[in-house]
Structures are given as structure tokens and as C-alpha cells.
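Residues per chain are reported as follows:
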Amino acid sequence: MKNRIVEKEYFSPKVVKLVVEAPRIAKARRAGHFVIVRTGPKGERVPLTIAAADPDRGTITLVIQVVGRSSEKICALEVGDCIDDIVGPLGKSTHVEKVGTVVCAGGGVGVAPLLPIVEAFHKAGNKVIVVLAARTKELVILEEQMKTNSDEVIIMTDDGSYGHKGLVTEGVESVIQREKVDLCVTIGPAIMMKFVALLTKKYEIPTIASLNTIMVDGTGMCGACRITVDGKTKFVCVDGPEFDAHKVDFDEMIMRLGAYKSLEQ
């Protein structure tokens, strides 16, 4: 079955939102799930988190950042074009329950997969405070959607062009210092998640990180996505993508993420 693109929107020159027909995935998907997509018969398999799903329309929403050749090809597709293959939903969905106050910290394109998690925790009756971080105002995405599904949104920009000047950790810490936080969820660049985890560990706040490792098959067979959690080897595609952030070996993960940097360019 071909997966036709029904909507396309540019969040920034290098970040694109695609709404794609995938009725079965739309029905089965839960917050935290991801898919693997492929364009062309020799296309690379690219893991993408499902940012939203509409079971009535039979569509899923994907947010893609241009990093290398494959993501560039996906982002170049227009409304009416088809993505050759979409496999999913993959991974384990987010464990959602009423815990109290939840701080959700997202950076860059990681804000897209954070949205369904924010929605789910808010629906479960939690107070949800969202901290969005980007380098500049132009790179802040999904602000309005976050406001609709949370109690408060704090924006942090590296250059101070919007919201507060500073890093995501400063935004998270400002919340921790004024009220009791029961859980933190973080998605974004690996280095950002590492520092959010170091901060929340200091305050003894349970923290979930959704990891974005290199993946090939998405079924636990190839081992490309392996990481170390609490001294044990785990596979992000089947054991995750969400893990206890205080137990993840982020330094090892960052090193492995850099393996193909020269090829991506």
C-alpha cells in the first residue's frame, strides 16, 4: 500500500511537517511510538517519531529535519507524492499515569515527538509545564499546539531572540526551584538530554529520555541502536525508545551517534 502525502508544511527551511496516509498505523499508534520510512527502492531506512495521528482520517504526522541525503529526499516530497514504505508503530509507548506535576523539556526537532506525550500526560490529569528550547526564534516549533495541551509553556533561545535567553536546563531549573516536580520527560539532541538528566538527578526527580539513536531494521536484529542502560546492553528500537535518563550512558551514545557524521555531510 502506498502512503500518500496529504499535507506539507515548513516549520523552518530545514524542518518539514508531512501528514501521510497510514490508516492502520494511525489506529494502533500511542504516544511514544515511532515508524521507519523509506523512499525509493534503494532508500535508506529512517526512524521518525509519530508526532500526531488521526484515526478518522487515517493519517499520521511526521516532522523531519534535513540532516543527510535520505532526510533531504523525504523532505523534497510534495503533496500527492508517496512514501514507498512506512513500518510501524514500533517501540514501546509512553507509560502515562497521574503523577502530579510533569515538566516536558524539548529541544529542536525533538519538540515534535514530545507533543503526543504532553497531550497524554495532560489528559491523564497532570499539571504539565513545557520547556521548549531552540537556537533562535525561527527554530521554535509547535508552540501553539503545546499551549493548547499544557498548563504553561516556557521558551528558551540560545540568542535571546524569543522567550528567555539561555539553555533548556535553565528553564527546567527555574520550575524546580519554584514548585515540586514529580516527573521530567526530555527529548532532543543527546547532549541536551544528558544535561537535563544531570540536573534532575541532582534534585532526585525521576526522568524519562526518548532516545534517537542510529537504527537499521527497527526489530532488534541489527544492533545498530544499542546503548548501555544501568550497565546492561539495551536496544532502543525494541526496549525503548524511552529509558530512565539517570541510567543511560549518554557519553557512549553520543560517541556512537557520531559514527557516520562525515557520510551524512
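One structure accompanies this document, and this report is about it. Since the structure is predicted, the reported quantities are computational estimates derived from the model, not experimental observations. (Residues numbered from 1 in each chain as written. Predicted model: local features only at pLDDT ≥ 70, side-chain atom pairs only at ≥ 80, totals over all residues. Heavy atoms only, no water.)

Before going further, it helps to examine the environment of Gly218. Relative to the elements of secondary structure, Gly218 occurs in the loop between β13 (207–210) and β14 (226–229). On the accessibility criterion, Gly218 (5% relative accessible area) is buried. With 112 residues separating them in the primary sequence, Gly218 and Gly106 have C-alpha atoms 23 Å apart. In this structure, Gly218 is in contact with Ile36, Leu90, Cys237 and Val238, ignoring residues within four places of it in sequence. (Helix = DSSP H or I, 4+ residues; strand = E, 2+ residues; numbered from the N terminus. Buried < 20%, exposed > 50% of the residue type's maximum accessible area, 1.4 Å probe, protein only. Contact = heavy atoms within 4.5 Å.)

Under the counting rule described, the total for this entry stands at 13 salt bridges. The residue Lys8 makes a salt bridge to Glu78 at a minimum N-O spacing of 3.3 Å. Of this pair, Lys8 sits in strand β1 (residues 3–12) while Glu78 is found in the loop between α2 (69–75) and β6 (82–83), placing the two residues 70 residues apart along the sequence. Within this structure, Lys127, Glu152, Arg178 and Glu179 form a network of salt bridges that share partners. (Salt bridge = Lys/Arg side-chain N within 4 Å of Asp/Glu carboxyl O.)

To continue, consider the pairing of strand β12 (residues 183–187). The buried count for β12 comes to five of five residues, which makes it a mostly enclosed element. Bridge analysis of strand β8 (residues 101–107) against β12 gives five bridges, and the strand direction is parallel. Of the residues in β12, the one forming a bridge with Val102 is Leu183. For the crossover that starts at β12, traverses helix α6 (residues 190–202) and ends in the parallel β13, the hand is right-handed. (Pairing = 2+ DSSP bridges. Right-handed = clockwise from strand over helix to strand, strands pointing away.)

This part covers the environment of Ile50. One can find Ile50 in strand β4 (residues 46–54). Along the sequence, Ile50 and His33 sit 17 residues apart, while their C-alpha atoms lie 6.3 Å from each other. Ignoring sequence-local partners within four residues, the contact set of Ile50 consists of Ile25, Arg29, His33, Phe34, Val35, Ile60, Thr61, Leu62, Pro89 and Pro116.

Moving on: the sheet that holds strand β7 (residues 85–90). Pairing is antiparallel in the open sheet, where seven strands are placed in the order β6-β1-β2-β5-β4-β3-β7. Looking at strand neighbours, the two that pair on one side only are β6 and β7, the edges of this open sheet. Where strand β3 (residues 34–38) and β7 come together, four bridges link them in antiparallel fashion. Pairing of Ile36 across the sheet is with Val87, part of β7.

Two packed helices can be described by the angle between their axes and the distance between those axes. Here helix α5 (residues 168–178) crosses α6 at 25°, and the two axes come no closer than 9 Å. Taken together, the axes of α5 and α6 are roughly parallel relative to one another. For the crossing formed where α5 meets α6, the hand is right-handed. Where α5 abuts α6, its residues Val168, Thr169, Val172, Glu173 and Ile176 lie against Met192, Phe195, Val196, Leu199 and Lys202. Considering only residue class, the contact of α5 with α6 consists of seven nonpolar, one polar and two charged. (Axes fitted to C-alpha atoms, helices over the stretch in contact; angles between N-to-C directions. Parallel < 35°, antiparallel > 145°, perpendicular 65-115°, else oblique. Left-handed = near helix turned anticlockwise from the far one by under 90°. Nonpolar A, V, L, I, M, F, W, Y, C, P; charged D, E, K, R; others polar.)

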